[in-house]
Amino acid sequence: MTTVEQNITNEWPLWEVFVRSKAGLDHKHCGSLHAADPQMALQMARDVYTRRQEGVSVWVVRSDQIVASDPGDKDMFFDPAQDKVYRHPTFYQLPPSVDHM
């Protein structure tokens, strides 16, 4: 890494880039970049991640603003759904007329 690259990564925040490839689809995370402000991050994301016009929408989010669950807390976050059997399709009995499902 050059001195200039080191200075940029030490001073500019990291941004996560999400691109939606077609209208109606979800935005997908496609990478990260360093930029000084939101406008610069958006322009750089467009230049880097949509060069071949494969996107219709771009989101940039500062990495330090993302809040995520801890994988170690998986049980606390997701296990309560296990005791709600009515949320699982196995709870319901299908009538014989629709047994092709």
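Only a predicted model underlies this, so the values are computations on that prediction, with no experimental measurement involved. (Residues numbered from 1 in each chain as written. Predicted model: local features only at pLDDT ≥ 70, side-chain atom pairs only at ≥ 80, totals over all residues. Heavy atoms only, no water.)

Lay out the sheet that holds strand β3 (residues 57-62) with the relevant residues and their values.
Read across the sheet, three strands follow the order β2-β1-β3 without closing on themselves; strand pairing throughout is antiparallel. Across the chains shown, the open sheet's two edge strands, defined by having one partner strand only, are β2 (28-34) and β3. In this sheet, neighbouring strand axes are inclined to one another by 25° on average, regardless of whether the strands run parallel or antiparallel. With six bridges joining them, strand β1 (residues 14-20) and β2 adopt antiparallel strand pairing. In the sheet register, E16 faces β2, and the bridge partner there is S32. Relative to β2, helix α2 (residues 38-49) is tilted by about 120°, and along the sheet it contacts β1, β2 and β3. (Pairing = 2+ DSSP bridges. Helix = DSSP H or I, 4+ residues; strand = E, 2+ residues; numbered from the N terminus. Axes fitted to C-alpha atoms, helices over the stretch in contact; angles between N-to-C directions. Contact = heavy atoms within 4.5 Å.)

Tell me what's going on with the side chain of E16, and back it up with residues and numbers.
Relative to the helices and strands, E16 resides in strand β1. The side chain of E16 sits in the buried core without any salt bridge; R62 is the nearest counter-charge, 10 Å away. Separated by 2.6 Å, the side chains of E16 and S32 make a polar contact. Beyond its immediate stretch of four places on either side in the chain, E16 contacts H29, G31, S32, W59, V60, V61, S63 and I66. (Buried < 20%, exposed > 50% of the residue type's maximum accessible area, 1.4 Å probe, protein only. Lys, Arg positive; Asp, Glu negative; His and termini not counted. Salt bridge = Lys/Arg side-chain N within 4 Å of Asp/Glu carboxyl O. Polar contact = N/O pair within 3.5 Å; in protein donor to acceptor, adjacent residues only side chain to side chain.)

Give a description of the pattern of salt bridges that names residues and reports values.
Scanning all chains against the criterion turns up two salt bridges. Residue D47 is joined to R46 by a salt bridge in which the shortest nitrogen-to-oxygen separation is 2.9 Å. A residue is classified by how much of its surface remains accessible, and D47, at 43% relative accessible area, is partly exposed. We note a salt bridge from D64 to R62, for which the minimum N-O separation is 2.7 Å. On the basis of relative accessible area, D64 is assigned to the exposed category, the value being 52%. We classify R62 as partly exposed; its relative accessible area is 32%.

Just give me the short version of the environment of L42, but keep the residues and values in it.
As for its placement among the helices and strands, L42 is situated in helix α2. Once residues lying within four places of it in the same chain are set aside, the contact partners of L42 are V58 and V60.

Everything listed here is a matter of coordinates, which is why it stays silent on function.
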